[in-house]
Amino acid sequence: MSDEKQSKLLCEKVELSHQLIGKKWVNLIIHTLMDEPKRFSEIHAYIPDLSKRMLNERMKELEEFGIIIRNVITERPIRTEYSLTRKGIELGRALKVVEEWAEQWL
């Protein structure tokens with residue numbers, strides 16, 4: 001692959017990543033899931049200004065991108081938990097650096 005094609009591909013990937021993490025609430029959702037899997041209601045409780053409709057939309061988007069995984073736990077009562085994939089954990093670590101910057105400079 002030529003340098004020009006590689007550069008174009010990198011720019012497309014960078015742009016796509018910025019579009020994803022630039023969406024409102026995405027960073028907070030990922031931050032919330034960094035420590036452990038959580039149920040939908042737990043995520044909503046951590047981010048009370050986020051509507052359930054928007055949380056549902058963002059969760060679907062993050063699942064489509066392979067950032068989170070939806071786990072159905074069949075024990076009684078049946079429940080659903082969300083957790084970060086390996087890809088999501090790596091993104092969370094990258095976003096942690098931004099959090100540290102924000103804490104120091106904003």
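Residues numbered from 1 in each chain as written. Predicted model: local features only at pLDDT ≥ 70, side-chain atom pairs only at ≥ 80, totals over all residues. Heavy atoms only, no water.

Let us look at unusual backbone geometry. Going from Arg-76 to Pro-77, the amide bond is cis rather than trans, its omega being -10 degrees. For Pro-77, the position within the fold is in the loop between β2 (68-73) and β3 (79-84). Even without being a glycine, Trp-25 presents a positive backbone phi close to 85 degrees. The residue Trp-25 is located in the loop between α1 (3-21) and α2 (26-33) in this model. (Helix = DSSP H or I, 4+ residues; strand = E, 2+ residues; numbered from the N terminus.)

Within α2, the full set of buried residues consists of Val-26, Ile-29, Ile-30, Thr-32 and Leu-33. Axial view of α2: buried residues confined to an arc of 160 degrees, hence all on one face. (Buried < 20%, exposed > 50% of the residue type's maximum accessible area, 1.4 Å probe, protein only. Arc of directions from axis to C-beta.)

A few words on the nonpolar core. Ile-29, Ile-30, Leu-62, Ile-67 and Ile-68 are the most contacted members of the largest nonpolar core, which totals 19 residues. Where this core is concerned, the elements lending two or more residues are α2, α4 (52-64), β3 and α5 (86-105). Contacts of Leu-62, omitting those with residues within four sequence positions, involve Leu-20, Val-26, Ile-29, Ile-30, Ile-67 and Ile-68. (Core = buried A, V, L, I, M, F, W, Y, C linked by side-chain atoms within 4.5 Å. Contact = heavy atoms within 4.5 Å.)

This part is about the packing of α2 against α4. Interaxial distance between α2 and α4 falls to 10 Å at its minimum, and their mutual angle equals 75 degrees. It follows from the interaxial angle that α2 and α4 lie roughly perpendicular. Side by side, α2 and α4 meet where Val-26, Ile-29 and Ile-30 of the first sit next to Leu-55, Arg-58, Met-59 and Leu-62 of the second. Looking at the contact of α2 with α4 residue by residue, the classes come out as six nonpolar, no polar and one charged. (Axes fitted to C-alpha atoms, helices over the stretch in contact; angles between N-to-C directions. Parallel < 35°, antiparallel > 145°, perpendicular 65-115°, else oblique. Nonpolar A, V, L, I, M, F, W, Y, C, P; charged D, E, K, R; others polar.)

What follows covers the side chain of Thr-85. If you trace the backbone, Thr-85 turns up in the loop between β3 and α5. Of the polar contacts made by the side chain of Thr-85, one reaches the backbone oxygen of Gly-66; its length is 2.5 Å. The residues touching Thr-85, leaving out its near neighbours within four places in the chain, are Gly-66, Ile-67, Ile-68 and Ile-69. (Polar contact = N/O pair within 3.5 Å; in protein donor to acceptor, adjacent residues only side chain to side chain.)

Across the sheet, which stays open at both edges, the three strands sit in the order β1-β3-β2 with antiparallel pairing between neighbours. Single-partner strands in this sheet number two, and they are β1 (38-39) and β2. In this structure, β2 lies alongside β3, joined through six bridges in antiparallel fashion. Note that in β3 the partner of Asn-71 across the bridge is Glu-81. The sheet contacts of α2 involve β1, β2 and β3, and relative to β3 the element is tilted by about 100 degrees. (Pairing = 2+ DSSP bridges.)

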